[in-house]
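# Architecture and fold: a report
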Amino acid sequence: MPSEPLFWQRFDICGRDFVDAGKASITIKGILREIGIDSSLIRRAAIASYEAEMNVVLYASRGTMDLRVTPKDIRVTVEDEGPGIPDIELAMQEGYSTASDEIREMGFGAGMGLSNIKKNADVFNLHSVVGKGTTLEITFRL
Ligand SMILES: Nc1ncnc2c1ncn2[C@@H]1O[C@H](COP(=O)(O)OP(=O)(O)O)[C@@H](O)[C@H]1O
Ligand SMILES: [Mg+2]
């Protein structure tokens, strides 16, 4: 029996929008704090959400980030329209990044985002179709 969501909210993420970049994950952090989630879990969810949000800003055209909280878990689903990831295994490697010089000058492109998301999440699912987009689903058990 699927558990009833206690909370659900969708955030829009706009590619290349460095003004609003990170706002969705900051909002998610606040929501989890208000719900009363344990602070170490909030920290993990916030780090993972931020990295996922930034990947949409940096690499995709647009996307959505859904936060869903049930009595059992917190699930964050990020779906984008963009170039997709041709080789997920390679993209997952620490230090691998296709970030441009311009992006690196802004302080991004260390190539640690996806591996950090995986480390912080209890369940990590990454799926991508080249030329269409990428879907990332991460779950944190409560
Ligand atoms: N949503 C995405 N759409 C397209 N490519 C992505 C996306 N997320 C990650 N990538 C690719 O995976 C690489 C590694 O991502 P990540 O580990 O977050 O490191 P970084 O963002 O520092 O490059 C990126 O450089 C990019 O090529
Ligand atoms: Mg990244």
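Below or above, wherever it landed, is the structure these notes cover. (Residues numbered from 1 in each chain as written. Chains lettered and ligands numbered in written order. Predicted model: local features only at pLDDT ≥ 70, side-chain atom pairs only at ≥ 80, totals over all residues. Heavy atoms only, no water.)

## Observations concerning the overall build of the protein
- Along the backbone of the protein there are five helices and five strands.
- Helices and strands in the protein line up, N terminus first, as β-α-α-β-β-α-α-α-β-β.
- For the protein, whose C-alpha radius of gyration is 15 Å, the value lies close to the compact-globule estimate of 14 Å for 142 residues.
- If one aligns the C-alpha atoms of the protein with their principal axes, the spans along those axes are about 40 × 30 × 25 Å.
- Counting the 142 residues in the protein, one finds 42% classified as buried.
- In the protein, 16 side chains carry a positive charge and 21 a negative one; their mean positions are 4 Å apart. (Helix = DSSP H or I, 4+ residues; strand = E, 2+ residues; numbered from the N terminus. Rg over C-alpha atoms; globule rule 2.2 N^0.38 Å. Buried < 20%, exposed > 50% of the residue type's maximum accessible area, 1.4 Å probe, protein only. Lys, Arg positive; Asp, Glu negative; His and termini not counted. Charge placed at Lys NZ, Arg CZ, Asp CG, Glu CD.)

## With respect to the side chain of threonine 139
- Relative to the helices and strands, threonine 139 is located in strand 5 (residues 133-141).
- Among the residues examined, threonine 139 registers a relative accessible area of 6% and is labelled buried.
- In terms of polar contacts, threonine 139 uses its side chain to reach the side chain of arginine 75, at 3.4 Å.
- Setting aside anything within four residues of it in sequence, one finds threonine 139 in contact with Asp73, Ile74, Arg75, Ala121, Asp122 and Val123. (Polar contact = N/O pair within 3.5 Å; in protein donor to acceptor, adjacent residues only side chain to side chain. Contact = heavy atoms within 4.5 Å.)

## Focus on the pairing of strand 2 (residues 62-69)
- The element strand 2 is largely enclosed, with a buried count of six among its eight residues.
- Pairing of strand 1 (residues 7-14) with strand 2 involves eight bridges; the strand directions are antiparallel. The residue bridging arginine 10 from the neighbouring strand is aspartate 66, located in strand 2.
- In this structure, strand 2 lies alongside strand 3 (residues 73-81), joined through eight bridges in antiparallel fashion. In the sheet register, arginine 62 faces strand 3, and the bridge partner there is glutamate 81. (Pairing = 2+ DSSP bridges.)

## Quick word on the sheet that holds strand 1
- Strand order in this open sheet of five strands is 1-2-3-5-4, and the pairing throughout is antiparallel. The open sheet is flanked by strand 1 and strand 4 (123-129), the only strands paired with a single partner. Adjacent strand axes in the sheet meet at a mean angle of 10° when their direction is disregarded.
- Sheet strands in contact with helix 5 (residues 113-120) are strand 4 and strand 5, and its direction is about 145° off that of strand 4. (Axes fitted to C-alpha atoms, helices over the stretch in contact; angles between N-to-C directions.)

## Thoughts on the side chain of asparagine 120
- With respect to the helices and strands, asparagine 120 occurs in helix 5.
- Contact partners of asparagine 120, with chain neighbours within four places excluded, come to Arg44, Ile47, Ala48 and Phe140.

## Quick look at the site of ligand 1
- Around ligand 1 sit 16 residues in total, of which Tyr59, Asp80, Ser97, Thr98 and Gly111 are the nearest.
- Within the contact set of ligand 1, an oxygen atom lies 2.5 Å away from a side-chain nitrogen or oxygen of serine 97.
- Glycine 109 places a polar main-chain atom, nitrogen or oxygen, 3.4 Å from an oxygen atom of ligand 1.
- Summarising the interface, the protein chains cover 93% of the accessible area of ligand 1, which totals 530 Å² for the free molecule.
- Counting only elements with at least two residues in the shell around ligand 1, the list comes to helix 2 (39-59) and helix 5.
- Of the residues in the shell around ligand 1, the class split is seven nonpolar, eight polar and one charged. (Near = heavy atom within 4 Å. Areas by Shrake-Rupley, 256 points an atom, 1.4 Å probe, with all protein chains shown as cover. Nonpolar A, V, L, I, M, F, W, Y, C, P; charged D, E, K, R; others polar.)

All we've got here are geometric facts, nothing functional implied.
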